[in-house]
Amino acid sequence: FSWFNKDILSQHPQLRTYFEHTCNMLACKISHYSNAELLSVTGLLIRTHPRTDRALKVDAILRNDGLFKQKFPRLQLRFTDINDRAIASRNFNPNEYLKGELTGLKFIPASTEVRLALEIVDPDAIGYSLMIMLD
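From a predicted model like this one, the values you see are computed outputs, not experimental measurements.

**Quick notes on the pairing of strand β2 (residues 55-64)**
Along β2, nine of the 10 residues are buried, which leaves the element largely enclosed by surrounding structure. Bridge count for strand β1 (residues 39-48) against β2 is eight bridges, and the pairing is antiparallel. Its bridge partner lying in β2, isoleucine 46 is registered against valine 58. Hairpin remark: β1 followed by β2, antiparallel, with six residues in the connecting loop; positive phi at arginine 54, about 55 degrees.

Rendered as structure tokens:
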């Protein structure tokens, strides 16, 4: 039962280490760990770009509070008007927001935070949010 359901059972933190150890010995593979509840975006700061007209600089921290590495998620940056209606949004894939030494990484390590920096066109909005998109 455990072997045939290893991809599902390996998503449980209590069992993951067992499956990783077993698959290392038997040269098998288990699916990547995924728990979006353990990923968060904090420290979102959006400000006027210092050198480019009608542009913004976006800074945030993406955090993995899990015990295992996870794939970098897609992120959605959303801007709203005074009535909280969306006036602009954009989804960012990891290859768009990972720069410098993070370029090309597929996984965010366990218990780690990564600082993100984006430059975008200013949509003249009142509110904004950055959310993790579930696949």
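**Notes on helix α2 (residues 13-26)**
Taking 1.5 Å of rise per residue, 14 residues should cover 20 Å, and α2 covers 20 Å from first to last C-alpha, within 8% of that figure. At the exit of α2 stands alanine 27, carrying a positive phi of roughly 55 degrees.

**Observations concerning the pattern of salt bridges**
What the rule picks out here adds up to eight salt bridges. Close ionic contact of arginine 85 with aspartate 81 constitutes a salt bridge, the shortest N to O distance being 3.3 Å. Salt bridges here are not isolated pairs; linked through shared partners, they connect Arg63, Asp65, Glu113 and Arg115.

Conventions we followed
- Residues numbered from 1 in each chain as written.
- Predicted model: local features only at pLDDT ≥ 70, side-chain atom pairs only at ≥ 80, totals over all residues.
- Heavy atoms only, no water.
- Buried < 20%, exposed > 50% of the residue type's maximum accessible area, 1.4 Å probe, protein only.
- Helix = DSSP H or I, 4+ residues; strand = E, 2+ residues; numbered from the N terminus.
- Pairing = 2+ DSSP bridges.
- Expected span 1.5 Å × (residues − 1).
- Salt bridge = Lys/Arg side-chain N within 4 Å of Asp/Glu carboxyl O.

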